[in-house]
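A look at the structure
Spelled out from the first residue to the last, the chains are:
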Amino acid sequence: MAGMRGKRTVRGMFQSMAVIGAAAGVIYLFVPHDEKADPIKPVDYRVELLTAQRAAPYAVLVPEGLAEGWTPTSVTYERQEGDAWHLGFLSPDRQYVAVEQSTAAPRKYIAEVTHEAADTGRTQQVAGRAWQRWEGPKYDALVLRDKGVTTVVTGTAPYEQLAEMAAALKPSKDAPKP
């Protein structure tokens, strides 16, 4: 009799699993899903920008006039972390580009936001200013140090796109429409 009880338990378990599997299949068929939909959702950075404008001891930079196809994907402002402003984008060809600003110690901050990029000793003229070129295993960067604030434009994008972002940076007056 004990042997029969064990067979019933195993058989019941398989029956239960079959019912659960059938229910999951039906749910999958009736829940709408679009494989062609873009998984990247743009962020609205206006609220964080207003916070940063009020709190940062420097002019917070935001891009103006970028070509169509640039998508804002991330934004933060960390007052305790050296008044650090971060605004991340995907370029039209899906490369990552971030604008980073902070009053933190430049060497440590640049290494952190560029994932250990190194100064090449070269500069690149962007909108009439000389930006330092940094190269790294993960991100390359353009770096500008000015009056106690370090601005870094970094990411997986080529230098041409980093320069495009750097050229578009303007001190924010009001929250732009992203």
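Placed above this text is the structure.
The residue numbering used here restarts from 1 in each chain and proceeds along that chain's sequence as written. Per-residue local features are limited, in this predicted model, to residues with pLDDT of at least 70; the limit for side-chain atom pairs, both in listing and counting, is 80 or more; totals at the level of whole chains, interfaces and linings are taken over all residues. Only hydrogens and water are set aside; all other atoms, that is, all heavy atoms of the structure, feed into the side-chain values.

Considerations on helix α3 (residues 106-113)
Type-normalised accessible area, obtained with a 1.4 Å probe on protein chains alone, sets the label of each residue: buried when under 20%, exposed when over 50%, and partly exposed for intermediate values. In DSSP terms, a helix is any run of H or I states spanning at least four residues, a strand is any run of E spanning at least two, and both are numbered starting from the N terminus. Listed as buried for α3 are Tyr109, Ile110, Ala111 and Val113. Where α3 is buried, its residues touch β3 (84-90), β4 (96-102), β6 (129-135), β7 (140-146) and β8 (149-155). Contacts were defined at the residue level, with two residues in contact if any of their heavy atoms lie within 4.5 Å.

Section: helix α4 (residues 159-168)
Here α4 lies mainly inside the structure; seven of its 10 residues are buried. For α4, the full list of buried residues reads Tyr159, Gln161, Leu162, Ala163, Met165, Ala166 and Ala168.

Some remarks on the side chain of His86
By secondary structure assignment, the location of His86 is in strand β3. On the accessibility criterion, His86 (13% relative accessible area) is buried. Polar contact is the term for a pair of N or O atoms within 3.5 Å; when the atoms are in protein, one must be able to donate a hydrogen and the other to accept it, and sequence-neighboring residues count only if both atoms are side-chain atoms. A polar contact of 2.8 Å, which involves the side chain of His86, links it to the side chain of Glu100. Ignoring sequence-local partners within four residues, the contact set of His86 consists of Ser74, Val75, Thr76, Tyr96, Ala98, Val99 and Glu100.

Topic: the environment of Trp131
Within the secondary structure layout, Trp131 lies in strand β6. As for Trp131 and Leu144, which are separated by 13 residues in sequence, their C-alpha atoms are 5.1 Å apart. Non-local contacts of Trp131, meaning those with residues more than four positions away in its chain, are made with Arg122, Thr123, Gln124, Val126, Leu142, Val143, Leu144, Thr151, Val153, Ala166 and Leu169.

Some points on a nonpolar patch on the surface
Among the surface-exposed residues, Val10, Met13, Phe14, Met17 and Ile20 lie close enough to one another that they form a single nonpolar patch of about 530 Å² accessible area. When you line up the elements, Met17 lands in helix α1 (residues 2-30). Without a salt bridge and with relative accessible area above 30%, a residue can belong to a patch; like charges are then joined within 9 Å and nonpolar side chains (Val, Leu, Ile, Met, Phe, Trp, Tyr) within 5 Å. Computed with the Shrake-Rupley method and a 1.4 Å probe, the accessible areas treat only the protein chains shown as cover for residues. Each reported salt bridge corresponds to a side-chain nitrogen of Lys or Arg within 4 Å of a carboxyl oxygen of Asp or Glu.

So, the sheet that holds β3
In sheet architecture, strand pairing relies on hydrogen bonds along the backbone and comes in two forms, parallel and antiparallel. The rule for pairing is simple: two strands pair if DSSP sees at least two bridges between them. Strand order across the open sheet formed by seven strands is β2-β3-β4-β8-β7-β6-β5, with antiparallel pairing between neighbours. Both outer strands of the open sheet, β2 (71-78) and β5 (118-126), are each paired with one neighbouring strand and no more. The mean inter-strand angle of the sheet, taken between neighbouring strand axes irrespective of direction, is 20°. For β3 and β4, the ladder comprises six bridges, and the chain directions are antiparallel. Paired with Leu90 across the bridge in β4 is Tyr96. Strand contacts of helix α2 (residues 46-55): β2 and β3, with the helix running at about 35° to β2, the strand carrying the most contacts. Here α4 sits on the sheet in contact with β3, β4, β5, β6, β7 and β8, set at roughly 30° to β7. Structural elements are reduced to axes, namely lines fitted to C-alpha atoms, with helices fitted over the stretch in contact, and the angle between N-to-C directions of any two is expressed from 0 to 180 degrees.

Here's the deal with the packing of aromatic side chains
Only Phe, Tyr and Trp rings are paired, with Trp represented by its six-membered ring, and only when their centres lie within 6.5 Å; those with planes under 30 degrees apart are stacked, over 60 edge-to-face, the remainder tilted. Per the counting criterion, the structure on display carries three aromatic pairs. Considering the side-chain rings of Tyr96 and Tyr139, the 5.8 Å spacing of their centres and the 35° angle between planes classify their relative orientation as tilted. Placement of the pair is Tyr96 in strand β4 and Tyr139 in the loop between β6 and β7, with a sequence separation of 43 residues. Assigned by exposure class, Tyr96 and Tyr139 land together as buried. The structure contains a cluster of three or more aromatic residues connected by ring pairs, namely Tyr45, Trp70 and Phe89.

Some words on the nonpolar core
Take the buried residues of types Ala, Val, Leu, Ile, Met, Phe, Trp, Tyr and Cys, join any two whose side-chain atoms come within 4.5 Å, and each joined set is a nonpolar core. Counting residues in hydrophobic clusters, the biggest one holds 30 residues, and the most contacted among them are Trp85, Leu87, Trp131, Leu142, Val153 and Met165. Elements supplying a minimum of two residues to this core: α2, β1 (61-63), β2, β3, β4, β7, β8 and α4. Here this core gets five residues from one element, more than from any other, and that element is α4. In this structure, Ala84, Tyr109, Val113 and Ala141 belong to the second largest nonpolar core, which totals nine residues.

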